[in-house]
Amino acid sequence: MSQPTIESILQEERLFPPTAEFSAQARIKSLEEYKSLYDRAKADPLKFWSELAEQELHWFQKWDTVLDWSNPPFAKWFVNGKINLSYNCLDRHLDSDRRNKPAIVWEGEPGDSKTLTYAELHQEVCKFANVLKSLGVKKGDGVGIYMPMVPEAAIAMLACARIGAPHSVVFGGFSAEALRDRLVDAEVKVVVTADGGWRKDAIVPLKPQVDKALAEGTTSVEKVVVVKRTAQDIAMSDRDLWWHDLIQDASADCPAEPMDSEDMLFILYTSGSTGKPKGVVHTTGGYNLYAHMTAQWIFDLQENDVYWCTADVGWITGHSYVVYGPLSNGATTVMYEGAPRASNPGCFWDVIEKHKVSIFYTAPTAIRAFIKMGDDHPNSRDLSSLRLLGTVGEPINPEAWMWYHTIIGKEKCPIVDTWWQTETGGIMITALPGAIPTKPGSATLPFPGILADIVDLDGNSAGVNEGGYLAVRYPWPGMMRTVYKDPDRFRKTYWEHIPPQDGQYIYFAGDGARRDEDGYFWVMGRVDDVINVAGHRLGTMEVESALVSHPAVAEAAVVGKPDEIKGQDIVAFVTLEGTYQPSEDLAKELKKHVVGEIGAIARPGEIRFADALPKTRSGKIMRRLLRDLAAGVEISGDTSTLEDRSVLEKLREGA
Ligand code: WTA
């Protein structure tokens, strides 16, 4: 583990307080109110969380212990409480006017759209829950979801939650290989997919990928349910069933199963610096409360808001802030199938105009892509419905922040820059929009109840503006519970880089950060070998393994280099097996190979052929040096541990 390598050179002075008008109507109205909430939560976190759990959620049975932290780092929240997330997202909204309020407003990429009220969504979820039951899915059985952004994706997730079948959503951009690994690891019994989905004017064939994933050997998968979305020809075997056939005769009566608070709700795979992707496990009660409270306070959800988070349900942001957080609050959530694309440079702004979106949450990479497409597109749409903006996924550069603020927010919408991770379940560091003045590029302050800190590897707090590791000093309800089937990896990855101090466990997030004189957090980026491409975490290891599985490749080392739109782009340094020669064609073939193994998100922007890779005497590849080479900057830092200095000279010459 090296020191944070990304130094923050920029000292941002600008401060943007919320307008008086925004604060007056906000749920949390002032910095003082935030501070008193924060202090109260810090003084007695258990009281803070249990009061909210009681006020805000429906429980079939109350818990007897708020937090069991007797076996750290394995936490249990709301022990012996009985709860159902689908009940909290649906049933409890049916007795009021919310019954006929739009729950999901969906917009397809080709321009088709659909609205489901809470009553309708409830009915669809109940039906599909009964379908799953009829296919033999029982409480505790894994369900895989490999879907485009269509309402059925959310319906399938909620149906799983309803009957207590943990879901594992796999992003539709992942390849058959990546899908297979995840389905096998999660021991999935039924896969829900679609024939295809629309992405950038083309059909992404999903069902054919499922077929490929399942053809490569036995799995626990018994049935595949297929939504007809794009209607291209696909093969259907005895194993495969159409969603529309199954749903036709399904009963809409399916009471929500009272789940134990600590029953597994879902597994979501995320990249680490080593080995295969980790199955991040989230459980029911704590996750529900955390997604609910963060969505409510951070997005300042009010009854008439139309809320849109652009994330795909294949990522944690799609779980917590497209589906569960907003629905648990009875909000209207917009789902959009399309991605920013040159053929329709106004697509996001059209959705905002059409549906009068009031809260908009997206990623810096999307913002940068739209900046490139020009101001005319947003300027020619009516964006006056917007009152709040958000970003997530990577640090946002101040220029992009200012564009978002002026061109999209018309200088009146607060921007919540939200720092969090798959592992944290929900947002951890962010402005509460009516209370906390923002600074471009800073995620600002921790959510009440989150004891975030910047520390060194002994767990000592860093001084003002001193770089260190982003850490959390106390458990929170939304925290991941373990790595699926690998508790040791959970402990090693998150709780051992910084050893417990006097028995106090500290959560290690893997990000470098500093805190300024106002206590604002400035996240600088990953400190491990994880690359953040367009807001998606990719482990260098995974890309390297994919490259090495090609017969031409002897050795590969992958690093990130700064990229204007994607934040980081992948550069792969590759040495070849004896008979192969470097060529443009081979570079192209290797890129294609990585796409086939992992998916298009992992396509290296650049392949660099080398005679040898720089290594330490113990044989470790010195990625730090490769990062500098890839970025085209002077090699900084110590090179004395290099085994063969000529390797570095050669790589430099080859650049
Ligand atoms: C990065 C996404 C700076 C960070 C919710 C983190 C951010 C990783 C921000 C988690 C932000 C996310 N500012 N960096 N606002 N949000 N990150 O698991 O490096 O896909 O560790 O969760 O994204 O990525 P993940």
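The name given to the protein chain in an unreviewed UniProt entry is Acetyl-coenzyme A synthetase, with Leptolyngbya boryana NIES-2135 as the source organism. The UniProt entry for the protein chain carries the following text under Catalytic activity (unreviewed entry): "acetate + ATP + CoA = acetyl-CoA + AMP + diphosphate". Annotation of the protein chain in UniProt includes, under Cofactor (unreviewed entry), the sentence "Mg(2+)".

For the rest of this paragraph, the subject is the overall build of the protein chain. Helix and strand counts for the protein chain stand at 20 helices and 30 strands. Taking 2.2 N^0.38 as the reference for a compact globule, 655 residues should give roughly 26 Å; the C-alpha atoms of the protein chain span a radius of gyration of 24 Å, in line with that estimate. For the C-alpha atoms alone, the extent of the protein chain along its principal axes is close to 75 × 60 × 55 Å. The buried share of the protein chain, taken over its 655 residues, is 60%. Of the contacts formed within the protein chain by residues at least 6 apart in sequence, a portion of 71% connects residues at least 24 apart. Total accessible area computed for the protein chain in this model is approximately 24,500 Å², and 49% of it derives from carbon and sulfur atoms. When the 69 positive and 91 negative side-chain charges of the protein chain are each reduced to one mean point, those points stand 1 Å apart.

The sheet built from 7 strands is open, its strands ordered β5-β4-β17-β16-β18-β19-β20 with mixed pairing. With one partner strand each, in any of the chains shown, β5 (113-117) and β20 (415-418) form the two edges of the open sheet. With direction set aside, neighbouring strand axes in the sheet form an average angle of 15 degrees. As judged from the 4 bridges shared by strand β18 (residues 359-362) and strand β19 (residues 388-392), these two strands associate in the parallel manner. When the bridges of β19 are listed, Tyr-361 appears paired with Gly-390.

In this section: the site of the ligand. Contacts to the ligand come from 17 residues, most closely from Asp-417, Thr-418, Thr-422, Asp-511 and Arg-537. Between the ligand and Pro-395, the relevant distance is 3.5 Å, taken from a nitrogen atom to a main-chain nitrogen or oxygen of the residue. A distance of 2.8 Å separates a nitrogen atom of the ligand from a polar backbone atom of Thr-418. In isolation the ligand exposes 530 Å². Once the protein is present, 96% of that is buried.

With that settled, consider the UniProt feature "modified residue: N6-acetyllysine" (unreviewed entry) in the protein chain. UniProt's entry tags Lys-620 with the feature "modified residue: N6-acetyllysine" (unreviewed entry), counted in the numbering of this structure. If you trace the backbone, Lys-620 turns up in the loop between β30 (606-609) and α19 (623-631). Note on Lys-620: relative accessible area 60%, which makes it exposed. Apart from the residues lying within four places of it in its own chain, the contact partners of Lys-620 are Pro-614 and Lys-615.

Glancing now at the side chain of Asp-240. As for its position among the elements, Asp-240 is in strand β12 (residues 240-242). Here Lys-207 takes part through its side chain, which lies 2.8 Å from a polar atom of the side chain of Asp-240. One polar contact links the side chain of Asp-240 to the main-chain amide nitrogen of Ser-237, over a distance of 2.9 Å. With residues near it in sequence (within four places) discarded, Asp-240 still touches Lys-207, Asp-211, Val-224 and Ala-235.

Now for empty space enclosed by the protein. For the structure shown, the criterion picks out 2 cavities of 30 Å³ or more. Here the largest cavity defines a volume of roughly 50 Å³. Around the largest cavity, the lining residues are Leu-85, Cys-160, Ala-161, Gly-164, Ala-165, Pro-166, Met-259, Met-264, Leu-265 and Thr-284. If you add up the space inside the second largest cavity, you get close to 40 Å³. Around the second largest cavity, the lining residues are Val-169, Val-170, Phe-171, Phe-174, Arg-182, Leu-268, Tyr-269, Gly-314 and Trp-315. Looking at the lining of the second largest cavity residue by residue, the class counts come to 7 nonpolar, 1 polar and 1 charged.

For any two helices packed against each other, one specifies the crossing angle of their axes together with the interaxial distance. Close contact between helix α6 (residues 151-163) and helix α11 (residues 316-328) brings their axes to 11 Å; oriented N to C, the two are set at 60 degrees. Relative to α11, α6 is oriented oblique. For the crossing formed where α6 meets α11, the hand is right-handed. Along the contact surface, α6 presents Ala-154, Met-157, Leu-158 and Ala-161, while α11 presents His-319, Val-323, Tyr-324 and Leu-327.

Turning our eyes to something else, we now look at helix α10 (residues 284-298). Look at α10: 21 Å from first C-alpha to last across 15 residues, which is about the 21 Å you get at 1.5 Å a residue. The buried fraction of α10 amounts to 15 of the 15 residues, a majority that puts the element mostly inside the structure. Immediately beyond the C-terminal end of α10, within one or two residues, lies Asp-300, with a positive phi of roughly 50 degrees.

So, how was this worked out
- Residues numbered from 1 in each chain as written.
- Predicted model: local features only at pLDDT ≥ 70, side-chain atom pairs only at ≥ 80, totals over all residues.
- Heavy atoms only, no water.
- UniProt positions renumbered as here; feature names shortened; annotations may be inferred.
- Helix = DSSP H or I, 4+ residues; strand = E, 2+ residues; numbered from the N terminus.
- Rg over C-alpha atoms; globule rule 2.2 N^0.38 Å.
- Buried < 20%, exposed > 50% of the residue type's maximum accessible area, 1.4 Å probe, protein only.
- Contact = heavy atoms within 4.5 Å.
- Areas by Shrake-Rupley, 256 points an atom, 1.4 Å probe, with all protein chains shown as cover.
- Lys, Arg positive; Asp, Glu negative; His and termini not counted.
- Charge placed at Lys NZ, Arg CZ, Asp CG, Glu CD.
- Pairing = 2+ DSSP bridges.
- Axes fitted to C-alpha atoms, helices over the stretch in contact; angles between N-to-C directions.
- Near = heavy atom within 4 Å.
- Polar contact = N/O pair within 3.5 Å; in protein donor to acceptor, adjacent residues only side chain to side chain.
- 1 Å grid on protein atoms, 1.4 Å probe; cavity = no way out; pocket = protein on both sides within 12 Å on 5 of 7 lines; lining within 4 Å.
- Points joined across faces, edges and corners; volume = space filled by probe spheres on them.
- Nonpolar A, V, L, I, M, F, W, Y, C, P; charged D, E, K, R; others polar.
- Parallel < 35°, antiparallel > 145°, perpendicular 65-115°, else oblique.
- Left-handed = near helix turned anticlockwise from the far one by under 90°.
- Expected span 1.5 Å × (residues − 1).

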